[in-house]
Amino acid sequence: MYNFVFFLILAFIVADYVFGTVLDKLNASWFSKPLPPVLQGIYDNEKYSRQQKYSYENYKFGIVSSTFSVIVLLVCYGCGLFGWLDSVLRTFIGNELLVTLAFFSIIIVANELINLPFEYYDNFVIEEKYGFNKSTKLLFFADKLKELLVTIVLGGGILALVAWLYSLAPQWFWLSAWAVVAAFSIFMQMFYSQLIVPLFNKQTPLAAGGLRTAIEDFAAKAGFELKNIYVIDSSKRSTKANAYFSGLGAKKRIVLYDTLIEQMTTEEIVAVLAHEIGHYKKKHTLSHLAVSLASNLLMFFLLGLCLGSPLLSEAMGAEQPSFHIGILAFAMLYVPVSIILGIGMNAFSRKHEYEADAYAKSFGLADSLVSGLKKLSSANLSNLQPHPAYVFVHYSHPTLLQRINALQK
């Protein structure tokens with residue numbers, strides 16, 4: 001059990017935790033930094049103090065939850081519980097595919113149960129304390145159950161297909177598995193709003209009126225074919241606001257949070273949507289999908305090289321190599337690569353955000369977009385001065401200060 005791979009995985013788990021904790025600490029050290037002139041006025045003194053308390057409370061809670069999670073993982077890994085679970089399942093199940101499905105189902109359910117108290121506290125204590133939570137306890141647990149069922153049904157289906165492909169042709173597994181996941185990713189990109197969102201939220205077409213007319217007028221000016229605009233009832237869970245663009249081709253749609261409509265003027269909402277349309281016009285959705293598929297291809301290629309290795313099963317405390325044990329061990333070994341790819345993807349995404357902002361600016365909407373972004377930051381008690389290292393690693397969007405400076409050039 002205690003081979004080279006065991007200690008390598010152990011080192012990666014600890015290093016990932018230390019790396020994340022150091023970044024969180026650096027970010028927290030900037031909470032009280034004086035705001036530059038361009039950001040002053042977003043919060044008054046009382047609200048700025050409240051924002052700092054909110055950020056610091058989330059920071060402390062994040063440290064507690066991440067520390068608990070890594071301790072549980074280290075105990076399970078160090079004591080060989082994953083290998084023990086594999087051997088127990090094999091005493092009851094003779095089919096290898098069913099062992100794989102049962103193995104991951106138990107891990108997913110156990111992970112959900114472990115995280116449930118932390119999610120409950122975050123929602124009904126921290127978010128409630130600062131006026132964000134609008135969810136009921138019944139809705140919260142219903143959401144958790146739905147999320148678990150969706151994960152098991154969709155994830156289990158993909159996992160079963162991928163495991164079956166591995167049993168047929170292990171040497172071509174990396175390519176066939178990637179093709180399955182790629183096809184699924186494209187399908188979900190197109191139909192997520194129609195299939196998954198309705199399980200949790202109600203989407204209704206934006207009613208006729210000044211806002212709809214203004215959006216349609218802008219879409220016509222931008223040459224953007226707009227079949228419908230949807231409003232999602234996000235206010236039943238939170239007061240936080242957002243808007244997003246989803247889908248590909250004929251399935252593209254714009255979705256507004258109802259909280260966004262309540263908090264912004266018509267001009268600001270049009271500016272936010274101009275930003276989202278900018279993503280479509282600049283083909284950001286397609287380029288992001290292409291990069292994501294390429295990174296997945298790399299991952300599956302490396303996974304194909306590792307699966308079946310007795311070193312992996314031995315490190316996990318399993319008596320024999322197996323598909324599911326190999327995947328779990330690889331997921332831990334892949335952490336450094338995942339971090340590096342994540343940093344690259346975030347940098348790529350931040351570049352796209354600047355370009356989408358510039359697109360909105362080209363229609364004379366820079367001032368409306370800036371005022372809208374300021375309102376979003378204020379309403380969400382956003383941290384206006386994150387540490388640059390934290391932004392570099394974690395942020396998929398530029399900071400508010402960076403976006404304002406770019407828009408006001």
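In this text, all values refer to a predicted model and were calculated from it rather than measured experimentally. Per chain, residues are indexed from 1 in the order of the written sequence. Whole-chain, interface and lining totals are the exception, using all residues; otherwise, since this is a predicted model, local features are given only for residues with pLDDT of at least 70 and side-chain atom pairs are given and counted only at 80 or more. Side-chain metrics in this entry use all non-hydrogen atoms of the structure; hydrogen atoms and water are not considered.

K.L.:
Give a description of a nonpolar patch on the surface that names residues and reports values.
P.N.:
Exposure above 30% relative accessible area and the absence of a salt bridge qualify a residue for a patch, where like charges join within 9 Å and nonpolar side chains (Val, Leu, Ile, Met, Phe, Trp, Tyr) within 5 Å. Accessible areas in this description were obtained via Shrake-Rupley with a 1.4 Å probe; residue shielding takes into account the shown protein chains only. The term salt bridge refers to a side-chain nitrogen of Lys or Arg lying within 4 Å of a carboxyl oxygen of Asp or Glu. Together, Val 14, Val 18, Val 22 and Leu 26 make up an exposed nonpolar region whose accessible area comes to about 290 Å². Mapped onto the secondary structure, Val 14 falls in helix α1 (residues 4-28). Each residue's exposure class comes from its accessible area (1.4 Å probe, protein chains only) as a fraction of the maximum for that residue type: buried when under 20%, exposed when over 50%, partly exposed otherwise. Residue class for Val 14 comes out partly exposed when judged on its relative accessible area of 40%. Elements are defined by DSSP. Helices are runs of H or I of four residues or more, strands are runs of E of two residues or more, and each kind is numbered from the N terminus.

K.L.:
Please give an account of the pairing of strand β2 (residues 229-232) that cites residues and values.
P.N.:
Because side chains alternate across β2, one face comprises the buried residues Ile 229 and Val 231, and the other comprises Tyr 230 and Ile 232, equally buried. Each pair of strands is called paired provided DSSP finds at least two bridges between the two strands. For strand β1 (residues 203-205) and β2, the ladder comprises 3 bridges, and the chain directions are antiparallel. Residue pairing for β2: Gln 203 is matched across the bridge by Ile 232. Relative to strand β4 (residues 253-257), β2 is paired through 4 bridges, and the arrangement is parallel. Looking at β4, one finds that Ile 229 is bridged to Ile 254.

K.L.:
Outline the pattern of salt bridges, listing residues and values.
P.N.:
Inspection of every chain in the model, using the stated rule, returns 12 salt bridges. Salt-bridge contacts for Glu 268 lead to Lys 375; the nearest nitrogen and oxygen are separated by 3.0 Å. Remark: Lys 375 occurs in helix α14 (residues 366-379) and Glu 268 occurs in helix α9 (residues 266-281); sequence separation between them is 107 residues. For Glu 268, a relative accessible area of 6% gives the class buried. Ionic contacts of the salt-bridge type, sharing partners, join the residues Asp 86, Arg 90 and Glu 96 into one network.

K.L.:
Would you mind going over the layout of surface pockets in detail, with residue names and values included?
P.N.:
Put simply, the grid is 1 Å and covers the protein atoms alone, a cavity is a trapped set of points that fit a 1.4 Å probe, a pocket is an open set with protein on both sides within 12 Å along at least five of seven lines, and lining residues have an atom within 4 Å of a point. Grid points are joined across faces, edges and corners, and a volume is the space filled by probe spheres set on the points. Taken as a whole, the second largest pocket spans an internal volume of roughly 700 Å³. As for the second largest pocket, its lining consists of 26 residues, of which Asp 143, Glu 147, Asn 201, Arg 237 and Tyr 257 are closest to the centre. Those elements that place two or more of their residues in the lining of the second largest pocket are α4 (96-129), α5 (137-168) and α6 (173-195). Take the lining of the second largest pocket: its biggest share by element is 6 residues, from α5. Under the scheme applied, nonpolar residues are Ala, Val, Leu, Ile, Met, Phe, Trp, Tyr, Cys and Pro; charged residues are Asp, Glu, Lys and Arg; polar residues are all the others, including Gly. For the lining of the second largest pocket, a count of residues per class yields 13 nonpolar, 6 polar and 7 charged.

K.L.:
So, the packing of α1 against helix α2 (residues 45-78): which residues are in play, and what are the values?
P.N.:
Only the stretch in contact is used when fitting a helix axis, every axis being a line fitted to C-alpha atoms; angles between N-to-C directions are given from 0 to 180 degrees. Remark: α1 packs on α2, axes separated minimally by 11 Å, with the N-to-C direction vectors making an angle of 175°. With respect to their mutual orientation, α1 and α2 come out roughly antiparallel. Touching Val 5, Phe 6, Ile 9, Leu 10, Ile 13, Val 14, Tyr 17, Thr 21, Asp 24, Lys 25 and Ala 28 of α1 are Tyr 59, Ile 63, Ser 66, Thr 67, Val 70, Leu 73, Leu 74, Tyr 77 and Gly 78, all from α2. In terms of residue class, the contact of α1 with α2 is built from 14 nonpolar, 4 polar and 2 charged. Roughly parallel refers to an angle under 35 degrees, roughly antiparallel to one over 145, roughly perpendicular to one between 65 and 115, and oblique to any angle outside these ranges. We call two residues in contact whenever any of their non-hydrogen atoms come within 4.5 Å of each other.

K.L.:
Pulling in residues and values, what's your account of the pairing of β4?
P.N.:
Within β4, 4 of the 5 residues are buried, leaving the element largely enclosed by the surrounding structure. Two elements, strand β3 (residues 243-246) and β4, share 4 bridges in a ladder whose sense is antiparallel. Each residue of the ladder has a partner; that of Phe 245, found in β4, is Ile 254.

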